[in-house]
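Okay, here's what each chain looks like letter by letter:
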Amino acid sequence: MMSTNPSALCGIANLPNQLHKIAIKKGIPYTILVVGESGLGKTTFVNTLLSSSLLKHRDQTKRHRLIEKTTQITLTKAELEEDLFKVKLNLVDTPGFGDFINNNDSWISILNFIEAQYQSYFFQEQQPDRAAINDMRISVCLYFIRPTGHGLSQLDIKAMKAIGARVNLVPVIAKADTLSPYALEEFKNRIRESITANRIEIFKCPVDRADPIDNQIGSEINEAIPFAIVGSDKVVINKDGKEVLGREYSWGVVEVENDEHCDFRKLRNLLIRTNMLDLVTSTDEVHYDVFKKEVIQKGIGELRKKRENPKFKEEEEALRFKFTEQVRIEESRFRQWELKLIAERDRLNKDLESEHMTVRHLESEIESLAMNSQTTKSYRK
Ligand SMILES: Nc1nc2c(ncn2[C@@H]2O[C@H](COP(=O)(O)OP(=O)(O)OP(=O)(O)O)[C@@H](O)[C@H]2O)c(=O)[nH]1
Ligand SMILES: [Mg+2]
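Here the structure is a predicted model, which is why all the values come from computation and not from measurement. (Residues numbered from 1 in each chain as written. Chains lettered and ligands numbered in written order. Predicted model: local features only at pLDDT ≥ 70, side-chain atom pairs only at ≥ 80, totals over all residues.)

## Section: the overall build of the protein
Thinking step 1. In terms of regular secondary structure, the protein is built from 10 helices and 10 strands.
Thinking step 2. Burial analysis of the protein (381 residues in total) assigns 29% to the buried set.
Thinking step 3. Sequence separation of at least 24 residues holds for 69% of the intrachain contacts in the protein that already meet a minimum separation of 6. (Helix = DSSP H or I, 4+ residues; strand = E, 2+ residues; numbered from the N terminus. Buried ≥ 20, exposed ≤ 12 C-beta atoms within 10 Å, placed from the backbone. Contact = placed C-beta atoms within 7 Å.)

Pasting the structure below:
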């Protein structure tokens, strides 16, 4: 069961000032998203998490008592409250990726959903009333892996790579009770190799803290990744005669909250106790930051797209035609003007020539007149 003081364990008291104020006033928003193929126990897990924790919760939708195939995104709100601190927990259940055929791109809608939450926050951030912000950014995404025993499927690799680049991704092996302990360990190793080989980004507990006990808890949790989980919201009687959450088989009882049986407790610790603060802050400081930078770049990209838009292109063409036409008219006007100028120059030149001729003529007349007068003078002598 949960500690009586989850705020200390969540590290809420250590939150940066602004988040701290929000945590006291409104409750710190914290959203868990579950995704994966159909029928892997996502809805069962959400219910298990709620019934295994002392959380007050209310459904936003009319949930059927019987677990059915999830057909739409379902939000369950819960509150984690201790002393002055409140955590507003949102559990987002999603429809499964579908059947084996035709589900290759079904995770894209999950990615769109994740981005839509960033986008909504981004727009709300621009508003003056920051207290009214409804922060639904995904703090962590649990990716359910089918317990085949082989390894990750191509679909898993593609989906996990894309989702892991956007949010804190935590891989889980669904229905771990269907594998023997040995097969489970082998399966875990294959998945770990696949994660490394395909450079899938997954969330890891920080192990570089000042407190060595924190680091030890962190590395124990990390060693369990991918978490093997068993979900059940049914209470059964275990071999010690105790009432526990579990699944009953002819060969015995699998207990949800028994570390010998599965990693449910470790995963729950990571999610709502030891690493909640890491998940919230890294969502804001790392993943949301990446998104924002992309939005700024895409802004320019969008403009470019607008240019490539056929309508815009048409307008541009029309403008260019109009402009060339204008230049053509201007050019011919200029040409005529130039021709006129040339004619004028010629005329002036001709005039100048005749002027010159006149001057020359006058000059020679002066000369001959001067000669004549000199001759007359000498005769007189
Ligand atoms: N053996 C086993 N069965 C489980 C476990 N968790 C859930 N189931 C069963 O698997 C079936 C499907 O469970 P759901 O929780 O509806 O699965 P889901 O992933 O929500 O399925 P979709 O909504 O269709 O995507 C149900 O019959 C559950 O009882 C588990 O840990 N082990
Ligand atoms: Mg479901």
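After that view, the rundown keeps rolling.
## Concerning the packing of helix α7 (residues 212-224) against helix α8 (residues 264-274)
Thinking step 1. Direction vectors running N to C along α7 and α8 enclose 130°, while the axes themselves pass 9 Å from each other. In terms of axis orientation, α7 runs oblique to α8. At the point where α7 passes α8, the crossing takes the left-handed sense. Listed contacts from α8 to Ile217, Ile221 and Ala224 of α7 are Lys266, Asn269, Leu270 and Thr274. (Axes fitted to C-alpha atoms, helices over the stretch in contact; angles between N-to-C directions. Parallel < 35°, antiparallel > 145°, perpendicular 65-115°, else oblique. Left-handed = near helix turned anticlockwise from the far one by under 90°.)

## Some thoughts on the sheet that holds strand β8 (residues 235-237)
Thinking step 1. Judged by pairing direction, the sheet is antiparallel, and its 3 strands sit side by side in the order β8-β9-β10 without closing on themselves. Bordering the open sheet on either side are β8 and β10 (252-255), each of which pairs with just one other strand. Direction aside, the axes of adjacent strands within the sheet are offset by 65° on average.
Thinking step 2. Here β8 runs beside strand β9 (residues 243-249); their pairing, made up of 3 bridges, is antiparallel. Within β9, the residue paired with Ile237 across the bridge is Glu243. (Pairing = 2+ DSSP bridges.)

## Thoughts on helix α4 (residues 107-125)
Thinking step 1. Taking 1.5 Å as the rise per residue, α4 with 19 residues should run 27 Å; its terminal C-alpha atoms sit 27 Å apart, in good agreement.
Thinking step 2. Taken residue by residue, α4 has Trp107, Ile110, Ile114, Gln117 and Tyr118 as its buried positions. Burial along α4 is one-sided: seen end-on, the buried residues are contained in an arc of 90°. Facing away from the buried surface of α4 by more than 90 degrees, the exposed residues are Ile108, Asn112, Ala116 and Phe123. (Expected span 1.5 Å × (residues − 1). Arc of directions from axis to C-beta.)

## Some details on the site of ligand 1
Thinking step 1. Around ligand 1, the structure places 18 residues, and the nearest of them are Gly41, Thr43, Thr44, Thr70 and Gly96.
Thinking step 2. A total of 3 residues in the shell around ligand 1 trace back to one element, the largest contributor, which is helix α3 (residues 42-52).
Thinking step 3. A breakdown of the residues in the shell around ligand 1 according to their chemical character gives 4 nonpolar, 9 polar and 5 charged. (Near = placed C-beta within 6 Å. Nonpolar A, V, L, I, M, F, W, Y, C, P; charged D, E, K, R; others polar.)

## Considering the pairing of β9
Thinking step 1. In textbook terms, the turn of a hairpin is the stretch between consecutive antiparallel strands, and for β8 and β9 this stretch comprises 5 residues, one of which, Gly241, has a positive phi near 80°.
Thinking step 2. Where β9 meets β10, 4 bridges bridge the pair, whose relative direction is antiparallel. Paired with Glu248 across the bridge in β10 is Val253.
Thinking step 3. In textbook terms, the turn of a hairpin is the stretch between consecutive antiparallel strands, and for β9 and β10 this stretch comprises 2 residues.

## A word on the packing of α4 against helix α5 (residues 154-164)
Thinking step 1. Their axes nearest at 10 Å, the elements α4 and α5 cross at an angle of 10°. Considered as vectors, α4 and α5 are oriented roughly parallel to each other. Taken together, the residues of α5 that come into contact with α4 (itself represented by Trp107, Ile110 and Leu111) are Ala159, Ala162 and Ile163.
Thinking step 2. For the contact of α4 with α5, the residue count by class is 6 nonpolar, no polar and no charged.

## So, unusual backbone geometry
Thinking step 1. The step from Ile225 to Pro226 runs through a cis peptide bond, and the omega angle for that step is 0°.
Thinking step 2. Phi is positive for Lys175, close to 45°, though the residue is something other than glycine.
Thinking step 3. For Lys175, the location among the structural elements is in the loop between β6 (169-173) and α6 (181-197).
Thinking step 4. Backbone geometry places Arg199, a non-glycine residue, at a positive phi of 50°.

## Observations regarding the nonpolar core
Thinking step 1. Grouped together as the largest cluster of nonpolar side chains are 64 residues, with contacts concentrated most on Val140, Cys141, Tyr143, Val172 and Ile229.
Thinking step 2. With near-sequence residues (within four places) excluded, Val140 lies in contact with Ile32, Val167, Asn168, Val170, Phe203, Leu271 and Leu279. (Core = buried A, V, L, I, M, F, W, Y, C linked by C-beta atoms within 7 Å.)

## Description of the confidence of the model for the protein
Thinking step 1. Looking at the protein, the pLDDT average stands at 80 and 75% of residues meet or exceed 70.
Thinking step 2. Mean pLDDT values over the elements of the protein span from 46, in helix α1 (residues 6-10), up to 98, in β6.
Thinking step 3. Confidence drops under a pLDDT of 50 for residues 1-9, and excluding neighbours within four residues, the segment shows 17 contacts in the predicted structure.
Thinking step 4. In this model residues 60-64 is a low-confidence stretch, pLDDT under 50, and it forms 4 contacts with partners more than four residues away in sequence or in other chains. (pLDDT = per-residue confidence, 0-100.)

## Brief notes about the pairing of strand β1 (residues 28-36)
Regular strands place their side chains on alternate faces of the sheet.
Thinking step 1. Within β1, 9 of the 9 residues are buried, leaving the element largely enclosed by the surrounding structure.
Thinking step 2. Neither face of β1 is open: one carries Ile28, Tyr30, Ile32, Val34 and Gly36, the other Pro29, Thr31, Leu33 and Val35, and all of them are buried.

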